[in-house]
Amino acid sequence: MRVIPISLPTPFYIGPVNVYLIAEDPITIIDTGPKTKATVDALRAGLRANGFLVSDIRRIVLTHAHEDHCGLAKSLRDEANNAEVFVHDWETGHRHSRLQYEEHRALLERAGVPEKEIQWMRRMYEGMREYADTLPDNECVSLQDEAELEFESGTLRVLHTPGHTPGSCSFLREADRTIIAGDCVLKRITPNPVLSPDPLDPSRRFPSLAEYLVSLARLRACSPTLVYGGHGDAIRDYEELFHRYFRAFQERQSQVIGLVKKNGVTAWDVGQAMFPGADDVHRFLAVSEAVAHLDLAHSEGKIGVELAGHTAVYKPRDPTSRI
Ligand SMILES: [Zn+2]
Ligand SMILES: [Zn+2]
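The sections below set out a description of the structure shown in this document. What you see is a predicted model, and the numbers here were worked out from it, not measured in a lab. (Residues numbered from 1 in each chain as written. Chains lettered and ligands numbered in written order. Predicted model: local features only at pLDDT ≥ 70, side-chain atom pairs only at ≥ 80, totals over all residues. Heavy atoms only, no water.)

## Quick word on the environment of Val-19
Thought 1: Residue placement: Val-19 occurs in strand β2 (residues 17-22).
Thought 2: With 59 residues separating them along the chain, Val-19 and Asp-78 place their C-alpha atoms 18 Å apart. (Helix = DSSP H or I, 4+ residues; strand = E, 2+ residues; numbered from the N terminus.)

## Digging into the packing of helix α8 (residues 238-258) against helix α10 (residues 281-299)
Thought 1: Taken N-terminus to C-terminus, the directions of α8 and α10 make an angle of 80°; their axes are 10 Å apart at the nearest point. It follows from the interaxial angle that α8 and α10 lie roughly perpendicular. Here α8 contributes Phe-249, Arg-252, Gln-253, Val-256 and Ile-257 to the contact with α10, which in turn contributes Glu-289, His-293, Leu-294, Leu-296 and Ala-297.
Thought 2: Along the lines of polarity and charge, the residues of the contact of α8 with α10 split into six nonpolar, two polar and two charged. (Axes fitted to C-alpha atoms, helices over the stretch in contact; angles between N-to-C directions. Parallel < 35°, antiparallel > 145°, perpendicular 65-115°, else oblique. Contact = heavy atoms within 4.5 Å. Nonpolar A, V, L, I, M, F, W, Y, C, P; charged D, E, K, R; others polar.)

## Quick word on the packing of aromatic side chains
Thought 1: Tallied over the full model, the rule gives seven aromatic pairs.
Thought 2: When the ring of Tyr-212 is compared with that of Phe-249, the centres are 5.9 Å apart and the planes differ by 85°; the resulting orientation is edge-to-face. Here Phe-249 lies in helix α8 and Tyr-212 lies in helix α7 (residues 208-221), a separation of 37 residues in the sequence. There is no split in this pair, since Tyr-212 and Phe-249 are both buried.
Thought 3: Geometrically, the ring pair formed by Tyr-245 and Phe-249 is edge-to-face, given 6.5 Å between the ring centres and 70° between the ring planes. Taken together, the residues span about one helical turn, with Tyr-245 and Phe-249 both in helix α8 at a distance of four residues.
Thought 4: By way of ring pairs, the aromatic residues Tyr-212, Tyr-245 and Phe-249 are connected into one cluster.
Thought 5: Between Arg-59 and the ring centre of Phe-151, over which it is positioned, the NZ or CZ distance is 4.5 Å. (Phe/Tyr/Trp six-rings, centres within 6.5 Å; stacked < 30°, edge-to-face > 60°. Buried < 20%, exposed > 50% of the residue type's maximum accessible area, 1.4 Å probe, protein only. Lys NZ or Arg CZ within 6 Å of the ring centre and 35° of its normal.)

## Notes on the coordination of the zinc ion (ligand 1)
Coordination angles at a metal have ideal targets, namely 109.5 degrees for four tetrahedral donors and 90 or 180 degrees for six octahedral donors.
Thought 1: Taken together, His-64 (NE2), His-66 (ND1), His-164 (NE2) and Asp-183 (OD) make up the protein donors of the zinc ion (ligand 1), found 2.1 to 2.3 Å from the metal.
Thought 2: Taken together, the four donor atoms surrounding the zinc ion (ligand 1) define angles of 92 to 167° at the centre, an arrangement classified as irregular.
Thought 3: Motif for the zinc ion (ligand 1), donor spacing along one chain: H-x1-H-x97-H-x18-D.
Thought 4: Separating the zinc ion (ligand 1) from the zinc ion (ligand 2) is a gap of 3.5 Å, which Asp-183 spans by donating to each of them. Highlighted residues: His-66 in the loop between β4 (59-61) and α2 (67-70) and His-164 in the loop between β8 (154-160) and β9 (169-173), separated in sequence by 98 residues.
Thought 5: Residue class for His-66 comes out buried when judged on its relative accessible area of 6%. (Donors = N, O, S within 2.8 Å, 3.2 Å for Na, K, Ca; no water. Tetrahedral: all angles 85-135°; square planar, octahedral: opposite > 155°, others 65-115°.)

## Structural notes on the pairing of strand β13 (residues 226-229)
Thought 1: Side chains of β13 alternate between two faces, with Leu-226 and Tyr-228 and Val-227 and Gly-229 buried alike.
Thought 2: By the bridge criterion, four bridges tie strand β10 (residues 178-182) to β13 in an arrangement that is parallel. Across the sheet, residue Ile-180 finds its bridge partner in β13, namely Tyr-228. (Pairing = 2+ DSSP bridges.)

## Things to note about the sheet that holds β9
Thought 1: Strands sit in the order β7-β8-β9-β10-β13 across an open sheet of five strands; the sheet is mixed. For this open sheet the edge positions go to β7 (148-151) and β13, each flanked by a neighbour on one side alone. In this sheet, neighbouring strand axes are inclined to one another by 20° on average, regardless of whether the strands run parallel or antiparallel.
Thought 2: Relative to β9, β8 runs antiparallel, the two being bridged by four bridges. By the bridge assignment, Val-158 is partnered in β9 with Phe-171.

What is shown is where atoms sit, not what they do.
Laid out in structure tokens, this is it:
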């Protein structure tokens, strides 16, 4: 089974995105790139260089539903005469634009994000919508953990690896333990466990960091020889990367706990202290990362939390309390 990486330009800060062509029947692409002319032109060129056209695609499989990965899914599907689109059910929220939901707004309020910032984030994410067409749930096939995607000469096993988003999936080719991991594993940067409502109970926050750590360990248990990420080069030494990620998480966890002062702090305060001067999308990613670490520290009993109105205020753990 030939897995062919194709790098596509994006207008986003992260730079080019990798999509993967599985060049045997049924012809499949994993991720699509965002909906821009430059991206679709590059994708056509990449397919042509390997002897294929968009009309040859039978399956479009999405690692997750961020715009840089899923934006072209609908238009490619239509051009390829109704190729099937596969995505995990828990990506529903993302497919409909992230800040549309009141639940998401409630999470930002809980994190102490000021109202004018929430409005700014809403406008930013509404601007992102032009980079992806919405795909109704009933037009997608849901990816199931441990299911096998069959090809002429082998299979790819679906691994549900939540964390970066609730429905992120990776794909394992067992024959040589190659994994296509989307944004779960990136060579140069530690992926952000993005703030999302829990798909099973949208009034709660998805425990993205705790889930992410489990997903990284699950990939490690596969002993991968090669991991293809959503951006940047493929990873040949996952074990080294795994330890690097864990060290980075531990350092960040101690930094966040150190920022929790007696008078109480919100996730927004912690995000601003960790990333002073963060601008643009980074303001959202900063608060996202702060929430992820604060809630993990709280769930492990390392800090306390109280509600002030709708906002969570974190405090050092009361040494007299018994948990
Ligand atoms: Zn992503
Ligand atoms: Zn990405």
